Amino acid sequence: MAAPAQINVGLMGLGVVGGGVATALMEQPSAIARKIGRPINLKKVLVRDLGKHAGAKLPSGVLTTNPEEILNDSDIHVVVEVMGGTQPAAGYMKQALASGKHVVTANKEVMAKYGPDLVSLANRNGVNLLFEASV
């Protein structure tokens, strides 16, 4: 399978960490593209409350409260999970990995409780599960 022309990202969570990820993706696209070899596009951002994030500096239509808009979108290649807590985060990560999406997380609790299962699932599906070094 050929590599996609651009990497589409689904971001799950727009708190402090998620907001930082979104800002980096939106403000540094050229630098990120140079590092990874192709453009990156923030396609969807999952939030609990659209009203709370109405003023976010994101393109129109990016915010959603429906996780399936990320998990079932075959054009999204990478899911960044920064929701916190174990559920529904672990379930979303499992679904993303099972559907062939790479997953990046900063969720220490999920990795502590489900790490081996998630790594195994990623390996079985030929995708990466990346997490921060402190996990």
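Our subject is the structure listed above.
Report follows, based on the coordinates.

Quick look at the sheet that holds strand E4 (residues 78-81)
Then, in step 1: In spatial order, the strands read E3-E2-E1-E4-E5-E6; together these 6 strands make up an open sheet with parallel pairing. Here the strands that pair on one side only, and so sit at the sheet edges, are strand E3 (63-64) and strand E6 (129-131).
Then, in step 2: In terms of strand pairing, strand E1 (residues 7-12) meets strand E2 (residues 40-46) through 6 bridges, oriented parallel. Residue pairing across strands places Asn 8 opposite Asn 41, the latter belonging to E2.
Then, in step 3: Running over the sheet, helix H4 (residues 89-98) touches E1, E2, E4, strand E5 (102-105) and E6 and is turned about 155 degrees from E5.

Re the pairing of E2
Then, in step 1: The buried count for E2 comes to 5 of 7 residues, which makes it a mostly enclosed element.
Then, in step 2: With 2 bridges joining them, E2 and E3 adopt parallel strand pairing. Note on E3: the bridge partner recorded for Val 45 is Leu 63.

What about the nonpolar core?
Then, in step 1: Formed by 20 residues in total, the largest nonpolar core has its most connected members in Met 12, Val 79, Met 93, Leu 97, Val 103, Leu 118 and Leu 129.
Then, in step 2: Sorting the residues of this core by element identifies helix H3 (68-71), H4 and helix H5 (108-125) as the ones contributing at least two each.
Then, in step 3: Residue contributions to this core peak at 6 residues, all from H4.
Then, in step 4: In this view, Met 12 contacts Leu 46, Pro 67, Ile 70, Leu 71, Val 79, Val 80, Glu 81, Val 82, Met 83 and Tyr 92; residues no more than four positions away in its chain are not counted.

Points about the pattern of salt bridges
Then, in step 1: Considering all chains together, one arrives at 4 salt bridges under this definition.
Then, in step 2: With a closest N to O distance of 3.7 Å, Asp 75 and Lys 43 form a salt bridge. With Asp 75 in the loop between H3 and E4 and Lys 43 in strand E2, this residue pair connects regions lying 32 residues apart in the sequence.
Then, in step 3: On the basis of relative accessible area, Asp 75 is assigned to the partly exposed category, the value being 43%.
Then, in step 4: The partner of Lys 113 in a salt bridge is Glu 109, and the shortest N-O contact between them spans 3.1 Å. Taken as a pair, Lys 113 and Glu 109 lie in helix H5 at a separation of 4 residues, close to a single helical turn.
Then, in step 5: Connected through salt bridges with shared partners, the residues Lys 43, Asp 73 and Asp 75 form a single ionic network.

Definitions and limits used
What you see as residue numbers is a count from 1 along each chain, following the sequence as written. Local features are withheld for residues below a pLDDT of 70 in this predicted model, meaning they are given only at 70 or higher, and side-chain atom pairs are given and counted only at 80 or more; totals for whole chains, interfaces and linings count all residues. As a convention, hydrogens and water are excluded, and side-chain values are obtained from all of the structure's heavy atoms. Whether two strands pair comes down to DSSP finding at least two bridges between them. Helix and strand definitions follow DSSP, with helices as H or I runs of at least four residues and strands as E runs of at least two, each counted in order from the N terminus. The contact rule is simple, with two residues in contact once any of their heavy atoms fall within 4.5 Å. A fitted line through C-alpha atoms serves as each axis, taken over the contacting stretch for helices, and the angle formed by two N-to-C directions is quoted from 0 to 180°. Here the term buried applies to any residue with accessible area under 20% of the maximum for its type, exposed to any over 50%, and partly exposed to those in between, with areas from a 1.4 Å probe on protein chains only. Buried Ala, Val, Leu, Ile, Met, Phe, Trp, Tyr and Cys residues form a nonpolar core when they are joined through side-chain atoms within 4.5 Å. Salt bridges are defined by distance alone: a side-chain nitrogen of Lys or Arg within 4 Å of a carboxyl oxygen of Asp or Glu.

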